[in-house]
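Secondary and tertiary structure notes
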Amino acid sequence: MNQQIAIKTQAEIEIMREGGKILHECLQLTADMVKPGVSTYELDKFAEDFLRKHDVVPSFKGYHGFPATLCTSVNEQVVHTIPTKTQILKPGDIISIDCGAVHKKMHTDSTVLVGVHPLSNQADSLIKNSEDILDSTLNFIRDGIYLNDLSEHIEKQIHRHGYNVVQELTGHGIGYKLHEPPHVLNYKEGTGRGPQLKAGTTLAIEPIFTTGNGRIQTLHDKWTIVTADGSLASQIEHTILITEDGYEILT
Ligand code: MG
Ligand code: MG
């Protein structure tokens, strides 16, 4: 995998900080709306209006023809689920809300995972463990780490909690494009350490895994990806900047 990994300028980073702050607010407010009886369409409508009000462009809308601002994936839905008026949240559901934003040509991308209470023990611990997996992944990041070491670390965190990686879905570089080099795999690939990651690199880190065997299938709408075994799925994501001594969360 020979990939040109862009180092961002201070000006580009500042723009990503600004855009990421708005995206963070958008996702927090959208997550606050999650309760029984709310449709995923309502979440999408709110998020789109919020971003546009702040002069930020929803980046998923129109991306390869995707029709919405958010991907709202519930329970066994893993990623890329189109919000609808008929998908109504109910107690016990978990939902990942994934959103991308473009601010002054620079992209940021983030996902929150929230539950509709009361939750089963399995769903409740999946949410807590997902936050823990993302935290311990971010704490591994600093100037000079190797990409495949990072992937190995993510995989170990996921396995530590007894979950399995969805290998087809990965994190990514991000900047002038939503998806830039490198692919940030959530599992160790091969025996090499991969390219070294330098301060000034911006990545979307998104461990994606399931409580089952990690296998997936795509539904007839050609977007929604679900777990093949019907198990619960998790996606949680931040856009981050690698710094000299660690990382900075931009979303
Ligand atoms: Mg995303
Ligand atoms: Mg992403």
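Here's a quick rundown of the structure.

Cut-offs applied
Every chain begins its residue count from 1, and numbering advances along the sequence as written. Ligands are numbered from 1 and chains lettered from A, in the order in which they are written. For this predicted model, a pLDDT threshold of at least 70 governs which residues receive local features, and a threshold of 80 or more governs which side-chain atom pairs are given and counted, while totals over whole chains, interfaces and linings are taken from all residues. Only hydrogens and water are set aside; all other atoms, that is, all heavy atoms of the structure, feed into the side-chain values. Per the convention used, a helix needs a DSSP run of H or I reaching at least four residues, while a strand needs a run of E reaching at least two, with both numbered from the N terminus. The atom set for the radius of gyration is the C-alpha atoms, and the globule formula is 2.2 Å times the number of residues raised to the power 0.38. Accessibility here uses a 1.4 Å probe with only protein chains present; expressed as a share of the type maximum, an area under 20% marks a residue as buried, one over 50% as exposed, and anything in between as partly exposed. In this analysis, two residues are considered to be in contact whenever any of their non-hydrogen atoms come within 4.5 Å of each other. Only the protein chains shown count as covering a residue, and every accessible area follows the Shrake-Rupley method with a 1.4 Å probe. Just so you know, the count uses Lys and Arg for positive and Asp and Glu for negative, and it drops His and the chain ends. We put the charge of a Lys on NZ, of an Arg on CZ, of an Asp on CG and of a Glu on CD. Donor atoms are limited to N, O and S found within 2.8 Å of the metal ion, a distance that becomes 3.2 Å for Na, K and Ca. With water left out, some sites might look partial. The definitions used throughout rest on a 1 Å grid laid over the protein atoms alone, on which a cavity is an enclosed set of points accommodating a 1.4 Å probe that cannot get out and a pocket is an open set flanked by protein within 12 Å on both sides along at least five of seven lines; lining residues are those having an atom within 4 Å of a point. Grid points are joined across faces, edges and corners, and a volume is the space filled by probe spheres set on the points. Here the nonpolar group is Ala, Val, Leu, Ile, Met, Phe, Trp, Tyr, Cys and Pro; Asp, Glu, Lys and Arg are the charged ones; every other residue, Gly included, is treated as polar.

Looking only at helices and strands, one finds four helices and 15 strands in the chain. Its C-alpha atoms give the chain a radius of gyration of 17 Å, near enough to 18 Å, the size a compact globule of 251 residues would have. Dimensions of the chain, computed from C-alpha atoms along their principal axes, come out at roughly 45 × 40 × 30 Å. The buried share of the chain, taken over its 251 residues, is 55%. Counted over contacts in the chain with a minimum sequence separation of 6, partners at least 24 positions apart contribute 69%. Element-wise, carbon and sulfur atoms account for 51% of the exposed surface of the chain, whose accessible area totals about 11,200 Å². Charged side chains in the chain number 22 positive and 32 negative. The centres of these two groups are separated by 2 Å.

Attention now goes to the coordination of the magnesium ion (ligand 2). Ligation of the magnesium ion (ligand 2) by protein atoms is provided by Asp109 (OD), His172 (NE2), Glu206 (OE) and Glu237 (OE), these donors lying 2.1 to 2.2 Å from the ion. If you list the donors of the magnesium ion (ligand 2) from N- to C-terminus, the spacing comes out as D-x62-H-x33-E-x30-E. Here the magnesium ion (ligand 2) and the magnesium ion (ligand 1) are spaced 3.2 Å apart, linked through aspartate 109, which binds each one. Separated by 34 residues along the polypeptide, histidine 172 in strand β7 (residues 171-173) and glutamate 206 in the loop between β9 (202-205) and β10 (208-210) bring together distant segments of the chain. Comparing histidine 172 with glutamate 206, the two get one shared label, buried.

On to the layout of surface pockets, then. If you add up the space inside the largest pocket, you get close to 510 Å³. Looking at the lining of the largest pocket, the elements that each hand over two or more residues are β7 and β8 (180-184). The biggest single contributor to the lining of the largest pocket is β8, with four residues. Here the residues of the lining of the largest pocket sort into twelve nonpolar, nine polar and six charged. One number sums up the size of the second largest pocket: a volume of about 180 Å³. If you go around the second largest pocket, you meet 14 residues; those closest to its centre are Gln28, Val112, Leu113, Glu131 and Ile236. Looking at the lining of the second largest pocket, the elements that each hand over two or more residues are α1 (10-32), β5 (106-115) and α3 (121-138).

The next subject is the environment of phenylalanine 66. Along the polypeptide, phenylalanine 66 turns up in the loop between β1 (57-58) and β2 (70-74). For the pair phenylalanine 66 and tryptophan 223, spaced 157 residues apart in the sequence, the C-alpha separation amounts to 8.0 Å.

With that out of the way, let us pick up unusual backbone geometry. For the peptide bond that leads from histidine 117 to proline 118, omega is 0°, which places it in the cis range. Relative to the elements of secondary structure, proline 118 occurs in the loop between β5 and α3. Residue proline 182 follows proline 181 across a cis peptide bond; omega there is 0°. Turning to its location among the elements, proline 182 is positioned in strand β8. Despite not being glycine, lysine 104 has its phi angle at roughly 45°, a positive value. Tracing the sequence through the fold places lysine 104 in the loop between β4 (94-103) and β5. Given a relative accessible area of 55%, lysine 104 falls into the exposed group. The phi dihedral of lysine 222 is positive, around 70°, even though this residue is not glycine. The residue lysine 222 is located in the loop between β11 (216-218) and β12 (225-227) in this model. Given the relative accessible area of 70%, lysine 222 is considered exposed.

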